[in-house]
Amino acid sequence: YAYDLESGRRRKLMRGQMRAFEVLEDESIVVSRDRTDTFGSEILLLRRNGLEPVLSTEFLVREIRSEGGRIFVSARRDGENFRVYRAQPDSEESFLLQPIHGEGFSSGMICLEGERVLFTANLGGRYAVYAYDPANGDLFRLTESGYADGATCEPESGRLYYRGLDPEGFALFR
């Protein structure tokens with residue numbers, strides 16, 4: 001549904017199964033839904049004139065983030081772990097998914113912060129928040145604790161906020 005804060009009215013945009021979505025800068029919405037014929041996802045684009053298929057892929061896409069024309073997804077092939085990929089147009093009809101890191105476990109919780117891509121992953125046995133710089137391909141671990149996820153960066157100060165564990169359970173760290 002679209003909800004108008006001024007009028008209090010809502011209107012249905014789409015009905016049906018979906019795993020993830022992201023509103024793009026032109027106000028169209030990219031949607032991921034599970035394929036019914038085999039493992040993977042259908043990627044659709046919802047515009048004012050309706051829903052149009054963009055891509056049918058062997059990847060199961062569980063998260064989509066977009067900013068400044070860049071699109072990143074958390075996805076996996078059957079039998080593999082989720083990884084973070086940059087979605088690059090390969091042609092007018094398809095996209096190439098380029099991994100931004102090596103093998104890991106459960107990569108996701110993507111946050112686009114300026115030029116950097118923040119995400120959570122278990123790389124090398126450490127479940128931490130990582131930053132990826134698409135301009136040069138550098139990958140940095142940003143947290144040292146044994147568990148960290150759900151990161152965001154406050155733009156003006158550059159402070160990193162994330163959820164982690166302490167002896168009493170989940171805590172918010174800066």
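Residues numbered from 1 in each chain as written. Predicted model: local features only at pLDDT ≥ 70, side-chain atom pairs only at ≥ 80, totals over all residues. Heavy atoms only, no water.

**Description of unusual backbone geometry**
Leaving glycine aside, a negative phi is the common case for residues, and trans is the common case for peptide bonds.
Part 1 of the reasoning: Phi at Glu27 is positive, roughly 70°, even though this residue is not glycine.
Part 2 of the reasoning: On the secondary structure map, Glu27 appears in the loop between strand E3 (20–23) and strand E4 (29–34).
Part 3 of the reasoning: According to the relative accessible area criterion, Glu27 is exposed, its value standing at 59%.
Part 4 of the reasoning: If you check the backbone angles, Met109 has positive phi at about 50° while not being a glycine.
Part 5 of the reasoning: Here Met109 shows up in strand E11 (residues 105–113).
Part 6 of the reasoning: A residue is classified by how much of its surface remains accessible, and Met109, at 36% relative accessible area, is partly exposed. (Helix = DSSP H or I, 4+ residues; strand = E, 2+ residues; numbered from the N terminus. Buried < 20%, exposed > 50% of the residue type's maximum accessible area, 1.4 Å probe, protein only.)

**Comments concerning the pattern of salt bridges**
Part 1 of the reasoning: By the definition in use, this model includes twelve salt bridges.
Part 2 of the reasoning: Between Asp26 and Arg47 there is a salt bridge whose closest N-O contact spans 3.9 Å. Of this pair, Asp26 sits in the loop between E3 and E4 while Arg47 sits in strand E5 (residues 41–47), placing them 21 residues apart in sequence.
Part 3 of the reasoning: Since its relative accessible area comes to 38%, Arg47 is described here as partly exposed.
Part 4 of the reasoning: Ionic pairing is found between Asp149 and Arg163, a salt bridge with its closest N-O pair at 2.8 Å. Pair noted here: Asp149 is in strand E15 (residues 148–153) and Arg163 is in strand E16 (residues 160–166), with a separation of 14 residues, a long-range link.
Part 5 of the reasoning: Among the residues examined, Asp149 registers a relative accessible area of 3% and is labelled buried. (Salt bridge = Lys/Arg side-chain N within 4 Å of Asp/Glu carboxyl O.)

These figures come from the coordinates and say nothing about function on their own.
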